[in-house]
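Understanding the architecture of this molecule
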Amino acid sequence: MKFAVLINEGPYTHQASDSAYHFTKACLDKGHDVFRVFFYNDGVNNGTRLTVPPQDDRNLQKNWTELAEKHDLDMVVCIAAAQRRGILDENEARRQGKDADNIAPGFRISGLGQLVEAGIAADRLVVFGD
Amino acid sequence: MKFAVLINEGPYTHQASDSAYHFTKACLDKGHDVFRVFFYNDGVNNGTRLTVPPQDDRNLQKNWTELAEKHDLDMVVCIAAAQRRGILDENEARRQGKDADNIAPGFRISGLGQLVEAGIAADRLVVFGD
Amino acid sequence: MPTLHTVNKSPFERTAFGSCLKHLAAGDAVLVLEDGVVGLRKATAFAGDLDAVSGDHKLYALGPDLDARGLKPDDLVSGVTVVDYGGFVDLVAEHDRTQAWL
Amino acid sequence: MPTLHTVNKSPFERTAFGSCLKHLAAGDAVLVLEDGVVGLRKATAFAGDLDAVSGDHKLYALGPDLDARGLKPDDLVSGVTVVDYGGFVDLVAEHDRTQAWL
Amino acid sequence: MSMDEQTIDTEVVKKFLYVNRKAPYGTIYALESLEVVLISAAFDQDVSLAFLDDGVYQLVDGQDTKAIGMKNFSPTYRALGDYEITKLFVEKESLDERGLTEDDLMEIMYEDEDDDWAEKPSIRIVSRTEMAAVMADQDVVLSF
Amino acid sequence: MSMDEQTIDTEVVKKFLYVNRKAPYGTIYALESLEVVLISAAFDQDVSLAFLDDGVYQLVDGQDTKAIGMKNFSPTYRALGDYEITKLFVEKESLDERGLTEDDLMEIMYEDEDDDWAEKPSIRIVSRTEMAAVMADQDVVLSF
């Protein structure tokens, strides 16, 4: 079956990203397709490569990046939500005249249409938030 | 009178940063001292210079930076909370082996002790959160 | 040694506002801001809880937040004083401490 | 066309869990996760609300979240089935849609 | 465009429900939900909006955000008809509990192309039972 | 160190209350509150912790976070006595509403240096009225 996942909260402050990660991993382990993981609202903050969590804690960004690499997972960060919150890739940084970018490997920035597409294309969409 | 302000939420998602900004501005307009504004939890996300809010919306980071410049305001981002969430200054970026930093002008990264100090030094501490 | 309690959450979404009202000491006041202001409307399921404390405690509402949510002073339970951000600062100064019900 | 409703908030902090229970259609099930699991304990102020629906609707709880909050299966109201993340996936697949009560 | 996007059958029309349960301005969820709603209209999907619990405050008339320094996005609800989004379900029990009536809400109209462009109200006040039925009749339910 | 810091009179001892009203793990507030508590001990302040509403779940015994992949920080509460943080007020009404009793909580002890290092419990179950009195008796109240 084809799943899509929506994540509305950033890492660490709310459990949403953790729950979504374990859910997505379980989907893939069971042989399901995950069409797309979409990061919206504060969820875009999962996609920064600048986090340095404590040594004895999980590294959520690294977990997502590795899951994406292993399963060729499409992880999309909403561009409008990302601009409000300061998540940029190299292109966006140049376009906005910013002197740095912070997107993590495995994440790509794209439009909200990608969320609607995921809703259309997937058999089930599951939302994780606050 | 000497005030201190604690902000526990990031920009845009919760009104906390807006309310704290208007409150802090009103303190200063009335001639009070603001000993320190401390950013904790997701509040550290107010301190990134990479946000690009829509043209017709307020720019919270710019508002805070300008308020700090005008009133020589001490704005401290908690280092431990900032590491978890990917807010770094140049020093921290180097120390953590990261290839970029994102702290905005007027914000400085320091320890949680600065919050306790603010509680000790200020006559009143006001908390804004979710 | 009265406290200024601040409440920024709707009583229809969270229990923080109700919990605050149950922990007021003599002389304490409550300032309601952000989404909390929707709890101040009269004739709601929460208005009785407010009436139960408004005799003994001052209730304040942040005007800018009332405006944003389309609430007029006439819409509110009786005994609410509307203040602006400057009035918020004065209230903090006039009370011995502030406690936020997040 | 049954729905799987997901609830991740404590009924003692927010009204989402209670609102979910009032919007169940025939055949719908509820999966409780994250902080929501504290609402499944027996002998609480909320247990009656659960009892009122558990005859007509299946209640599921995410085991990893029960463990984290020190809740044992014996602590829960009757009629709750405990699942892991894999079981969560199966439930989503078995129902026609999922609705999150955020 | 990724490979995945090219596999989407754009002929598919699904029923999308956007569930709004939070007040505006205290959090951004109402605004960012509305931004998705507008995008889904561009995809020609069958879109409904549910307003219940504190979500009913999103439609209250007379919002004035000048003093909090935030953008008043409530006029956008009035423009939804232009995007052929005409089904705004508002729960009566939620209004009642909050001391609100339909008269406290904005007037939101659309022109019905199947009825000689007659102006009709987009807001439909429904009971809790009817709201549950609306929720059960969807393909995709989005909550923020 | 900034100029501001040097002006602090380190002789000042204020009463700090940390108010804990949220369950652990669903959000980070419980953990990050605890991190401030530990720091304030280093400043030799008079520290109390209030646990009410869902905050009482922070002290529930038997927390096991392996399967959610998060760090179990509940043992830190047991170590608070070593930092001379010995006043953990827990509201009885909050326990009752949640079907909990004192027996469901961790045992948290400290050694009383004024009483020949006798072991004493740090958790003090108080009524709602007593909790309100604790709150009213502080210099600084921090909530997360």
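Residues numbered from 1 in each chain as written. Chains lettered and ligands numbered in written order. Predicted model: local features only at pLDDT ≥ 70, side-chain atom pairs only at ≥ 80, totals over all residues. Heavy atoms only, no water.

1. Observations concerning the overall build of chain C
- Secondary structure summary: chain C contains four helices and five strands in total.
- For chain C, the succession of helices and strands along the chain, N to C, is β-α-β-α-β-α-β-α-β.
- Relative to the 2.2 N^0.38 estimate, which gives 13 Å for 102 residues, the radius of gyration of chain C is 12 Å and therefore close to what a compact globule would have.
- Taking the principal axes of the C-alpha coordinates as reference, chain C spans close to 35 × 25 × 25 Å.
- Buried residues in chain C amount to 72% of all 102 residues.
- Put simply, 73% of the contacts in chain C that link residues at least 6 apart link residues at least 24 apart.
- Per element, the accessible surface of chain C, about 3,100 Å² overall, is 50% carbon and sulfur.
- Within chain C, one finds 9 positive and 15 negative side-chain charges whose respective centroids are separated by 5 Å. (Helix = DSSP H or I, 4+ residues; strand = E, 2+ residues; numbered from the N terminus. Rg over C-alpha atoms; globule rule 2.2 N^0.38 Å. Buried < 20%, exposed > 50% of the residue type's maximum accessible area, 1.4 Å probe, protein only. Contact = heavy atoms within 4.5 Å. Areas by Shrake-Rupley, 256 points an atom, 1.4 Å probe, with all protein chains shown as cover. Lys, Arg positive; Asp, Glu negative; His and termini not counted. Charge placed at Lys NZ, Arg CZ, Asp CG, Glu CD.)

2. Here we look at the overall build of chain E
- Scanning chain E from terminus to terminus reveals five helices and seven strands.
- Listing each helix as α and each strand as β along chain E from the N terminus yields α-β-α-β-α-β-α-β-β-β-α-β.
- A compact globule built from 144 residues should have a C-alpha radius of gyration of about 15 Å, and chain E, at 16 Å, falls within 12% of that.
- Principal-axis analysis of the C-alpha atoms places the extent of chain E at approximately 50 × 35 × 30 Å.
- For chain E, contacts bridging at least 24 residues in sequence account for 77% of all contacts bridging at least 6.

3. Notes on the interface of chain E and chain A
- Counting residues at the interface gives 26 residues for chain E, matched by 25 residues for chain A.
- When chain E packs against chain A, the two sides together hide about 2,100 Å² of surface, and 59% of this comes from carbon and sulfur.
- Linking chain E with chain A are three salt bridges.
- The salt bridge involving E:Glu35 is made with A:Arg84; its shortest N-O contact spans 3.1 Å. (Buried area = accessible area lost by both parts, 1.4 Å probe. Salt bridge = Lys/Arg side-chain N within 4 Å of Asp/Glu carboxyl O.)

4. Some thoughts on the interface of chain B and chain F
- Chain B puts 25 residues into the contact, and the matching count from chain F is 26 residues.
- A buried area of about 2,100 Å², summed over both sides, lies between chain B and chain F, and 59% of it is on carbon and sulfur atoms.
- Of all residues in chain B, the largest losses of buried area upon contact with chain F belong to B:Arg84, B:Val116 and B:Ile120, amounting jointly to 28% of the total for that side.
- Between chain B and chain F we count three salt bridges in total.
- The interface formed by chain B and chain F contains 11 residue pairs in polar contact (both at pLDDT 80 or more).
- Of all elements in the fold, only strand E2 (33-39), helix H3 (79-85), helix H5 (113-121) and strand E5 (124-128) of chain B reach the threshold of two or more residues within the side of chain B that touches chain F.
- Of the residues assigned to the side of chain B that touches chain F, the class counts are 12 nonpolar, five polar and eight charged. (Polar contact = N/O pair within 3.5 Å; in protein donor to acceptor, adjacent residues only side chain to side chain. Nonpolar A, V, L, I, M, F, W, Y, C, P; charged D, E, K, R; others polar.)

5. A word on the pairing of strand E1 (residues 2-7) of chain B
All names here are of chain B.
- With respect to burial, E1 is a largely interior element, five of its six residues being buried.
- As paired strands, E1 and E2 are joined by six bridges and run parallel to one another. Across the sheet, residue Lys2 finds its bridge partner in E2, namely Asp33.
- After leaving E1, the chain enters helix H1 (residues 16-29) and then returns to the sheet as E2, a path that is right-handed.
- Relative to E5, E1 runs parallel, the two being bridged by five bridges. Counterpart to Phe3 in the pairing with E5 is Arg124. (Pairing = 2+ DSSP bridges. Right-handed = clockwise from strand over helix to strand, strands pointing away.)

6. A look at the layout of surface pockets
- Quantified by volume, the largest pocket comes out at close to 830 Å³.
- Forming the walls of the largest pocket are 31 residues, and the residues nearest its centre are C:Pro11, C:Arg14, C:Thr15, D:Pro11 and D:Thr15.
- Mapped by element, the contributors of at least two residues to the lining of the largest pocket are helix H1 (16-21) and helix H2 (47-54) of chain C together with helix H1 (16-21) of chain D.
- Classifying every residue of the lining of the largest pocket by side-chain character gives 11 nonpolar, six polar and 14 charged.
- What lines the second largest pocket is a set of 21 residues, among which F:Gly81, F:Glu84, F:Ile85, F:Thr86 and F:Glu113 lie closest to the centre.
- Among the elements of the structure, strand E2 (46-51) and strand E4 (109-112) of chain F are those that each provide at least two residues to the lining of the second largest pocket.
- Counting residues per element, the lining of the second largest pocket draws most heavily on E4(F), which supplies four residues.
- Taken together, the residues of the lining of the second largest pocket break down into seven nonpolar, three polar and 11 charged. (1 Å grid on protein atoms, 1.4 Å probe; cavity = no way out; pocket = protein on both sides within 12 Å on 5 of 7 lines; lining within 4 Å. Points joined across faces, edges and corners; volume = space filled by probe spheres on them.)

7. Quick word on a negative patch on the surface
Residues and elements named next belong to chain E.
- On the surface, Asp44, Glu84, Glu113 and Asp114 cluster together into a patch of negative charge.
- Within the secondary structure, Asp44 is located in the loop between helix H2 (29-42) and strand E2 (46-51).
- With a relative accessible area of 59%, Asp44 lands in the exposed category. (Patch = residues over 30% accessible without salt bridge, like charges linked within 9 Å, V, L, I, M, F, W, Y side chains within 5 Å.)

8. Here we look at the sheet that holds strand E2 (residues 29-32) of chain D
Residue and element names in this part refer to chain D.
- Spatially, the five strands line up as an open sheet ordered E4-E3-E2-E1-E5, and their pairing is parallel. With partners counted over all chains shown, the strands left at the sheet margins are strand E4 (80-83) and strand E5 (97-101), one partner each. Put simply, the sheet's adjacent strands are angled 25° from each other on average, direction ignored. (Axes fitted to C-alpha atoms, helices over the stretch in contact; angles between N-to-C directions.)

9. Quick word on the packing of helix H1 (residues 16-29) of chain A against helix H2 (residues 60-71) of chain A
Residue and element names in this part refer to chain A.
- Contact geometry for H1 and H2: axes closest at 11 Å, N-to-C directions at 20°. Compared by their axis directions, H1 and H2 come out roughly parallel. As for how H1 packs across H2, the hand of that crossing is left-handed. Residue-level inspection shows Ser17, Asp18, Ala20, Tyr21, Thr24, Lys25 and Leu28 of H1 in contact with H2, the latter providing Leu60, Asn63, Trp64, Leu67 and His71.
- Considering only residue class, the contact of H1 with H2 consists of six nonpolar, four polar and two charged. (Parallel < 35°, antiparallel > 145°, perpendicular 65-115°, else oblique. Left-handed = near helix turned anticlockwise from the far one by under 90°.)

10. Side note on the packing of aromatic side chains
- In this structure the tally under the stated criterion is 28 aromatic pairs over all chains.
- Relative to F:Phe73, the ring of F:Tyr25 lies with its centre 5.2 Å away and its plane at 55°, an arrangement referred to as tilted. Placement of the pair is F:Tyr25 in the loop between strand E1 (15-20) and helix H2 (29-42) and F:Phe73 in the loop between E2 and helix H3 (75-78), with a sequence separation of 48 residues. With respect to class, F:Tyr25 is no different from F:Phe73; both count as buried.
- An aromatic cluster is present here, built from A:Phe3, A:Phe23, A:Phe128 and D:Phe88 joined pairwise through their rings.
- Between E:Lys22 and the ring centre of E:Tyr29, over which it is positioned, the NZ or CZ distance is 4.2 Å. (Phe/Tyr/Trp six-rings, centres within 6.5 Å; stacked < 30°, edge-to-face > 60°. Lys NZ or Arg CZ within 6 Å of the ring centre and 35° of its normal.)

11. Points about the side chain of E:Ser122
- Positionally, E:Ser122 belongs in the loop between strand E5 (118-121) and strand E6 (123-126).
- You can call E:Ser122 buried: its relative accessible area is 0%.

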